[in-house]
Amino acid sequence: QVHLVESGGGLVQAGGSLRLSCAASGRTFSRYDVGWFRQAPEKEREFVGVSTWSGGRTSYGDSVKGRFTISRDNAKNTVYLQMNSLKPEDTAVYYCAARARFTNEYDYWGQGTQVTVSS
């Protein structure tokens, strides 16, 4: 089992920045890819980005490319989502999720943290 807890959400003005954290406990964290997703009210869940288990690769959804950055510290069992140049349309509940390396399904999810961007 991997237990994930997000933190760092809040209210920010458009153009501002926030950094979300995803702290993990349980099995060897370094063997898991960690993805970030978000879901706005009445919208489907959207892929934000992913950090591979080694931390060597990241990829992002088109709507956040160039503005969001994922980093991870396996020694601290934590993955970060740095969000810059925030827009009102970034308002959503943000979730981190983990999948075992070399697999496609995210088996573990955090409870989510609310990010609200005011115009």
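Here the structure is shown first, and the text comes after it.
Every value quoted in this text rests on a predicted model; they were computed, and no experiment measured them.

Draft legend 1. The arrangement of the nonpolar core in detail. Residues L4, W36, F68, L81, M83 and Y94 are the most contacted members of the largest nonpolar core, which totals 28 residues. Put simply, the parts of the chain that give this core at least two residues each are β1 (2-7), β3 (18-26), β4 (32-39), β7 (68-73), β8 (78-83), β9 (92-100) and β11 (113-118). Once residues within four sequence positions are removed from consideration, L81 is found in contact with L18, R19, L20, W36, V48, F68, T69, I70 and Y94.

Draft legend 2. Quick peek at the environment of S54. Tracing the backbone shows S54 in the loop between β5 (46-51) and β6 (58-60). Owing to a relative accessible area of 46%, S54 belongs among the partly exposed residues under this scheme. For the pair S54 and K43, spaced eleven residues apart in sequence, the C-alpha separation works out to 32 Å.

Draft legend 3. Expanded view of the pattern of salt bridges. Counting across every chain of the model gives five salt bridges. Here the residues in one salt-bridge network are R38, E46, R67 and D90, joined through shared partners.

Draft legend 4. Structural context of the state of the cysteines. Taken as a whole and judged by the stated rule, the model has one disulfide. The partner cysteine of C22 in its disulfide is C96, sulfur to sulfur 2.1 Å. Linking C22 and C96, the disulfide has an S-S dihedral of approximately 70° and is accordingly described as right-handed. Of the two residues, C22 is situated in strand β3 and C96 in strand β9; the sequence distance between them amounts to 74 residues. Relative accessible area serves as the criterion here: at 0%, C22 is assigned to the buried category.

Draft legend 5. View of the sheet that holds β8. Sheet architecture is open: four strands sit in the order β1-β3-β8-β7, paired in antiparallel fashion. Single-partner strands in this sheet number two, and they are β1 and β7. Pairwise comparison of adjacent strand axes, ignoring direction, gives a mean angle of 15° for this sheet.

Draft legend 6. Structural view of the packing of aromatic side chains. Evaluation of the coordinates by the stated rule reveals six aromatic pairs. For the ring pair F37 and W109, a centre distance of 5.0 Å and an interplane angle of 45° mean the geometry is tilted. Taken together, the positions of F37 in strand β4 and W109 in strand β10 (residues 108-109) put the pair 72 residues apart, joining distant regions of the chain. Residue classification places W109 among the partly exposed positions, given a relative accessible area of 31%. The interplanar angle of 75° and the centroid separation of 6.1 Å between the aromatic rings of W53 and F102 together place this pair among those described as edge-to-face. Taken together, the residues W53 in the loop between β5 and β6 and F102 in the loop between β9 and β10 connect sequence positions 49 residues apart. Looking at F102, the relative accessible area reads 70%, which means it is exposed.

Quick notes on the rules
Residues numbered from 1 in each chain as written. Predicted model: local features only at pLDDT ≥ 70, side-chain atom pairs only at ≥ 80, totals over all residues. Heavy atoms only, no water. Core = buried A, V, L, I, M, F, W, Y, C linked by side-chain atoms within 4.5 Å. Buried < 20%, exposed > 50% of the residue type's maximum accessible area, 1.4 Å probe, protein only. Helix = DSSP H or I, 4+ residues; strand = E, 2+ residues; numbered from the N terminus. Contact = heavy atoms within 4.5 Å. Salt bridge = Lys/Arg side-chain N within 4 Å of Asp/Glu carboxyl O. Disulfide = S-S within 2.5 Å. Pairing = 2+ DSSP bridges. Axes fitted to C-alpha atoms, helices over the stretch in contact; angles between N-to-C directions. Phe/Tyr/Trp six-rings, centres within 6.5 Å; stacked < 30°, edge-to-face > 60°.

What is shown is where atoms sit, not what they do.
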